[in-house]
Amino acid sequence: MFITLEGIEGSGKTTQIVHISEFLESRGYECVLTREPGGTKIGEKIRAILLDPESKDMDPLAELLLYTADRAQHIKELIIPSLSTGKIVLCDRYFDATVVYQGFARGLDIALINSLHKLALNDLKPDITFLLDLPPETGLSRAWKQIDNGTRVGHETRFEKEKLSFHKKVRAGYLELARLEPGRFLIIDASKNENQVKQQIINALREKCLK
Ligand code: TMP
């Protein structure tokens, strides 16, 4: 099974993915935790370029192709081999992030993004996607607090530095994707505290995949 977590900056994906993995492992499932960009050695190098605030003049098409390159490596090296040995892959961001950030927010053609995914990545889609939804004002203030207290990486802030209007488009984009694919997306209210968010996710997992 392939499960992804999506949401704006500061939505708590990185914390919740650990809770999901602990919950599933306590029930005997073997999980692989990974993330995009990153997730492989080559991917980590691509991540450094993508998230460096000094890359602020990156062309949106170059950005799209770097995320796609990261994903191509990730799918081949880690995701497919893990799925084919029966593991649950838990991924912090995946293709929906490209549709939303490069498509809805940067304005690249979504048909182009979808066809690139079909051509280069065999259209591999998650079985379940948790959308951790909250207002961007709340998410960004959480993210900057974590950057200031050192619990979030300070040299990976290219997207946190985008305007509020950008983050509003990201949130609206995610909600639109969830509306289009209600069978795959589970919307979680991420404005609640860590434990309450964890409970919502675990309840959804119990209902949706552990029957
Ligand atoms: P994160 O690992 O802290 O979530 O940071 C990854 C950043 O990269 C985040 O701001 C969203 C952005 N991103 C895209 O713009 N497109 C993508 O396809 C992915 C996977 C992430």
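All figures in this text were calculated on a predicted structure; none of them were measured in a lab.

*Asks:* Would you mind showing me how to read the site of the ligand here?
*Replies:* Surveying the vicinity of the ligand reveals 14 residues, the closest of which are Glu9, Tyr67, Arg93, Thr98 and Gln102. Separating an oxygen atom of the ligand from a side-chain N or O atom of glutamate 9 is a distance of 2.9 Å. In the model, an oxygen atom of the ligand is placed 3.1 Å from a nitrogen or oxygen of the arginine 47 side chain. Taking 480 Å² as the accessible area of the ligand by itself, protein coverage stands at 94%. According to the grid-proximity analysis, the pocket containing the ligand is the largest pocket. Taken together, the elements giving at least two residues each to the shell around the ligand come down to α2 (41-51), α3 (60-84) and α4 (95-105). For the shell around the ligand, the per-class residue count stands at six nonpolar, two polar and six charged.

*Asks:* Can you help me understand the packing of aromatic side chains in this one?
*Replies:* To describe a pair of aromatic rings, you give the distance between the ring centres and the angle between the ring planes. In the structure shown here, the tally under the stated rule is six aromatic pairs. With a centroid separation of 5.5 Å and 85 degrees between ring planes, the pair formed by tyrosine 101 and phenylalanine 159 is classed as edge-to-face. Of the two residues, tyrosine 101 is situated in helix α4 and phenylalanine 159 in the loop between α6 (136-148) and α7 (164-180); the sequence distance between them amounts to 58 residues. Here tyrosine 101 matches phenylalanine 159 in class, with each residue buried. Among the aromatic side chains, those forming a connected cluster through ring pairs are Tyr67, Tyr101, Phe159, Phe166 and Tyr174. When the ring centre of tyrosine 94 is taken as origin, the NZ or CZ atom of arginine 71, which lies over that ring, is 5.3 Å away.

*Asks:* Before we go on, may I ask you to explain empty space enclosed by the protein in this structure?
*Replies:* Over the atoms, a rolling probe the size of a water molecule traces out where space has been left empty. Throughout the structure, instances matching the rule amount to two cavities of 30 Å³ or more. Size it by volume and the largest cavity reaches roughly 40 Å³. Every residue lining the largest cavity is listed: Leu64, Thr68, Arg71, Phe95, Thr98, Ile113, Leu116, His117 and Leu121. A class-by-class count of the residues in the lining of the largest cavity yields five nonpolar, three polar and one charged. Taken as a whole, the second largest cavity encloses approximately 40 Å³ of empty space. Around the second largest cavity, the lining residues are Gly7, Ile8, Leu131, Leu132, Asp133, Leu134, Arg171 and Tyr174. If you list the elements that add at least two residues to the lining of the second largest cavity, you get β4 (128-133) and α7. In terms of residue count, the dominant contributor to the lining of the second largest cavity is β4 (three residues).

*Asks:* So what exactly am I meant to see when it comes to the packing of α3 against α4 here?
*Replies:* When two helices pack together, their arrangement is given by the angle between the helix axes and by the axis-to-axis distance. Direction vectors running N to C along α3 and α4 enclose 175 degrees, while the axes themselves pass 11 Å from each other. Compared by their axis directions, α3 and α4 come out roughly antiparallel. The residues of α4 that touch α3, namely those facing Glu63, Leu64, Tyr67 and Arg71, are Phe95, Thr98 and Gln102. Here the contact of α3 with α4 is built from residues that sort into three nonpolar, two polar and two charged.

*Asks:* I would appreciate a short explanation of the pattern of salt bridges in the present structure.
*Replies:* All told, the structure shown has 16 salt bridges when counted by the stated rule. Of the charged contacts in the structure, one is a salt bridge between arginine 106 and glutamate 162, with a shortest N-O distance of 2.9 Å. Taken together, the residues arginine 106 in the loop between α4 and α5 (110-121) and glutamate 162 in the loop between α6 and α7 connect sequence positions 56 residues apart. Note on arginine 106: relative accessible area 23%, which makes it partly exposed. Under the relative-accessibility criterion, glutamate 162 is labelled partly exposed at 23%.

Reading the values: rules and limits
Residues numbered from 1 in each chain as written. Predicted model: local features only at pLDDT ≥ 70, side-chain atom pairs only at ≥ 80, totals over all residues. Heavy atoms only, no water. Near = heavy atom within 4 Å. Polar contact = N/O pair within 3.5 Å; in protein donor to acceptor, adjacent residues only side chain to side chain. Areas by Shrake-Rupley, 256 points an atom, 1.4 Å probe, with all protein chains shown as cover. 1 Å grid on protein atoms, 1.4 Å probe; cavity = no way out; pocket = protein on both sides within 12 Å on 5 of 7 lines; lining within 4 Å. Sits in = over half its atoms within 2 Å of the grid points. Helix = DSSP H or I, 4+ residues; strand = E, 2+ residues; numbered from the N terminus. Nonpolar A, V, L, I, M, F, W, Y, C, P; charged D, E, K, R; others polar. Phe/Tyr/Trp six-rings, centres within 6.5 Å; stacked < 30°, edge-to-face > 60°. Buried < 20%, exposed > 50% of the residue type's maximum accessible area, 1.4 Å probe, protein only. Lys NZ or Arg CZ within 6 Å of the ring centre and 35° of its normal. Points joined across faces, edges and corners; volume = space filled by probe spheres on them. Axes fitted to C-alpha atoms, helices over the stretch in contact; angles between N-to-C directions. Parallel < 35°, antiparallel > 145°, perpendicular 65-115°, else oblique. Contact = heavy atoms within 4.5 Å. Salt bridge = Lys/Arg side-chain N within 4 Å of Asp/Glu carboxyl O.

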